[in-house]
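# Commentary on secondary and tertiary structure
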Amino acid sequence: TSSVTAQKKRIGNETAEQKKKRMEWWTDARFGMFIHWGLYSLAARHEWVKHNEHMTNEQYQKYFDMYNPDHFDPHKWARAAKAAGMKYAVLTTKHHEGFCLFDSKYTDYKATNTKAKRDLVKEYVQAFRAEGLKVGFYYSLLDWHHPDYTMDDAHPLTQVDTSQANYDKLNKGRDMNKYRLYLKNQVRELMTNYGKIDILWLDWSWDKGAKHGKRDKDWDAVNLLKMVRQLQPGIIVNNRLGLEDYSDGADFVTPEQVSTKELEKYKGKTWETCQTFSGSWGYYRDENTWKTHRQLLDLLITSVSNGGNLILNVGPTARGEFDYRATNALDSLAYWMHANDKAIYNCTYAPADFKVPDNTKLTYNPQTKRLYVHLYEYPANGKLELPGYKGKVKYAQFLNDYSELKYESSGSNDLTLELPKSKPRYDIPVVELVLQ
Ligand code: FHN
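As named in an unreviewed UniProt entry, the chain is alpha-L-fucosidase, taken from Mucilaginibacter ginsenosidivorans. Per its UniProt entry, the chain bears the Function (unreviewed entry) comment "Alpha-L-fucosidase is responsible for hydrolyzing the alpha-1,6-linked fucose joined to the reducing-end N-acetylglucosamine of the carbohydrate moieties of glycoproteins."

Written out as structure tokens, the structure is:
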């Protein structure tokens, strides 16, 4: 059938079963940390600051000259991610600004040539592996610094004058073939020089029809992916190379900054939603649109209750630290995950025959046959109605302290769970049901 053909078309001819096995750790992990860190962290007003303020390379050079992350300690980052229950991390090795956090031999625009004089990617890999986390690399396909990257609709220099004449003037002397080779060489370095890499998060390609947008042919995407999979056979790759469907070798789709309601559309696919604590991915000093603890919990629970992953972003400061807002958010997640991580790891959406009780969301562990009822609202009358659950449950408890919860049948097919008057001290407490 066409899906088998498409499957066969996959790079390396991997079968669906083999792909499932390769991705098992990722699917079970459910929760990761995104880290956006670069020269834009000094500007401290969004990782697109070069675009937003139409800066030339010369105008942006001051951040390179000032870059000196004297408080950078990736072990602290790794410990914070681990405590928050994150099982993997993805660090920007190069964002659109073109600055490389790794010691690439193909450019001088790199951290080892700044006052840092360090291969920050190497230290990140070592620290996160030491804490038992899986390591991923984000790599920007776009490059607003490279002299051969031809103009697109996001390049800082095309924002004031979007005429074709300006594009042509700016592109004079630029050779996209040279940039394509640079891109391939750097991805090869990343896939070769840092040991086993678990995730490659490439970013991004325009939708079809964009006037000056770039897609798969610009990146030589199929050959790039072939090289990646040859160098790192177990690696998991996202879907932003501008290729079509899964047959291109992409492993998961990446709904970005979408609402929890929107996440319901992805049930049944292989997906990870990428989200920020605030609006910006890079450190933004004056941003005050920070998600509450409950909003972050809701993102995590809703992702898993629809069979997907959440990767939550931190934008470290130019000194290499998580600021107090990120630390507070991570600490609150750590408190909740310490008690309730069984309702996240190895979980997915509930079997269809379990109705969702009012003001709750469900996650389910198919291996242990445990159903988790996330109490978004705590019933004032101390009773949790479980419609149609009669005969399906053999034990109930709070997950946070394994304290038994009694229940009785309250109608032909329903159960009523007796809850204590005082709500457990979690923003969203979790009831664990052991199924028959
Ligand atoms: O333009 C980037 C953005 O800065 C950020 O890196 C996000 C993360 O998914 N990706 C692009 C926007 O989709």
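### Here's the deal with the UniProt feature "site: May be important for catalysis" (unreviewed entry) in the chain
On the UniProt side, "site: May be important for catalysis" (unreviewed entry) is annotated at positions that read Cys274 here. Within the element layout of this structure, cysteine 274 appears in strand S6 (residues 272-276).

### Comments concerning the side chain of aspartate 148
Tracing the sequence through the fold places aspartate 148 in the loop between strand S3 (134-140) and helix H8 (164-171). We note that aspartate 148 is buried and unpaired, the nearest opposite charge coming from lysine 178 at a distance of 4.9 Å. A polar side-chain atom of aspartate 148 sits 3.0 Å from the main-chain amide nitrogen of aspartate 175. Discounting chain neighbours no more than four positions away, the residues touching aspartate 148 are Gly173, Arg174, Asp175, Met176, Lys178 and Tyr179.

### Some remarks on the site of the ligand
Taken together, His36, Glu47, Trp48, His95, His96, Tyr138, Trp201, Asp203, Arg240, Glu256, Cys274 and Trp281 make up the full set of residues adjacent to the ligand. At a separation of 2.8 Å, an oxygen atom of the ligand approaches a polar side-chain atom of histidine 95. Interatomic distance of 2.7 Å between a side-chain N/O atom of histidine 96 and an oxygen atom of the ligand. Coverage of the ligand by the protein amounts to 90% of the 330 Å² it exposes when considered alone.

### A look at H8
Here H8 has its buried residues at Asn166, Tyr167 and Leu170. Relative to the axis of H8, the buried residues are bounded by an arc of 100 degrees and lie together on one face. Residues of H8 that are exposed and angled more than 90 degrees away from the buried face: Ala165 and Lys169.

### What to know about the nonpolar core
Counting residues in hydrophobic clusters, the biggest one holds 94 residues, and the most contacted among them are Phe128, Phe137 and Trp336. Leu362, Leu375, Leu415 and Leu419 belong to the second largest nonpolar core, which has 21 residues in total.

### Section: helix H13 (residues 293-305)
Taking 1.5 Å as the rise per residue, H13 with 13 residues should run 18 Å; its terminal C-alpha atoms sit 18 Å apart, in good agreement. Counting buried positions over the 13 residues of H13 gives 10, a clear majority of the element. Looking one or two residues past H13, glycine 307 carries a phi angle of roughly 75 degrees, positive in sign.

### Some points on the confidence of the model for the chain
Looking at the chain as a whole, the pLDDT averages 95, with 96% of positions reaching at least 70. We note a pTM of 0.96 for the whole complex and an ipTM of 0.99 for its interfaces.

### Regarding the pairing of strand S7 (residues 309-314)
Where burial is concerned, most of S7 is hidden: six out of the six residues are buried. Here S7 shows two buried faces, one formed by Asn309, Ile311 and Asn313 and the other by Leu310, Leu312 and Val314. By the bridge criterion, five bridges tie strand S1 (residues 31-35) to S7 in an arrangement that is parallel. Paired with isoleucine 35 across the bridge in S7 is valine 314. Sheet analysis places S6 next to S7, joined by five bridges and oriented parallel. Bridging across to S7, glutamate 272 finds its partner in asparagine 309. Between the parallel elements S6 and S7, the chain passes through H13 in a crossover that is right-handed.

### With respect to the sheet that holds strand S14 (residues 430-435)
As summarised here, the arrangement of the four strands in space is S8-S9-S14-S11, forming an open sheet in which the pairing is antiparallel. What marks the edges here is a single partner per strand, and that holds for strand S8 (360-365) and strand S11 (393-398). Taking each pair of neighbouring strands and ignoring which way they run, the sheet shows an average axis angle of 20 degrees. Where S11 meets S14, five bridges bridge the pair, whose relative direction is antiparallel. Each bridged residue has a counterpart across the sheet, and for tyrosine 395 the counterpart in S14 is valine 434. Against the sheet, H13 engages S8 and strand S9 (370-375), with an angle of about 55 degrees to S8.

### What about the pairing of S3?
The buried fraction of S3 amounts to six of the seven residues, a majority that puts the element mostly inside the structure. Of the pairings in the sheet, the one linking strand S2 (residues 88-94) to S3 comprises six bridges and is parallel in character. Residue pairing for S3: lysine 94 is matched across the bridge by tyrosine 139. Handedness of the crossover joining S2 and S3 through helix H7 (residues 120-130) is recorded here as right-handed.

### Regarding the packing of aromatic side chains
Taken as a whole, this structure holds 28 aromatic pairs when the rule is applied. Here the aromatic residues Trp37, Phe64, Tyr67, Phe72, Trp77, Phe99, Tyr109 and Phe322 are joined through ring pairs into a cluster of three or more. Of note, lysine 134 hangs over the ring of tryptophan 25, and the distance from its end group to the ring centre comes to 5.0 Å. Cation over ring: lysine 392 sits above phenylalanine 354, and NZ or CZ is 4.8 Å from the ring centre.

Here is what the cut-offs are and how they apply
- Residues numbered from 1 in each chain as written.
- Predicted model: local features only at pLDDT ≥ 70, side-chain atom pairs only at ≥ 80, totals over all residues.
- Heavy atoms only, no water.
- UniProt positions renumbered as here; feature names shortened; annotations may be inferred.
- Helix = DSSP H or I, 4+ residues; strand = E, 2+ residues; numbered from the N terminus.
- Buried < 20%, exposed > 50% of the residue type's maximum accessible area, 1.4 Å probe, protein only.
- Lys, Arg positive; Asp, Glu negative; His and termini not counted.
- Salt bridge = Lys/Arg side-chain N within 4 Å of Asp/Glu carboxyl O.
- Polar contact = N/O pair within 3.5 Å; in protein donor to acceptor, adjacent residues only side chain to side chain.
- Contact = heavy atoms within 4.5 Å.
- Near = heavy atom within 4 Å.
- Areas by Shrake-Rupley, 256 points an atom, 1.4 Å probe, with all protein chains shown as cover.
- Arc of directions from axis to C-beta.
- Core = buried A, V, L, I, M, F, W, Y, C linked by side-chain atoms within 4.5 Å.
- Expected span 1.5 Å × (residues − 1).
- pLDDT = per-residue confidence, 0-100.
- Pairing = 2+ DSSP bridges.
- Right-handed = clockwise from strand over helix to strand, strands pointing away.
- Axes fitted to C-alpha atoms, helices over the stretch in contact; angles between N-to-C directions.
- Phe/Tyr/Trp six-rings, centres within 6.5 Å; stacked < 30°, edge-to-face > 60°.
- Lys NZ or Arg CZ within 6 Å of the ring centre and 35° of its normal.

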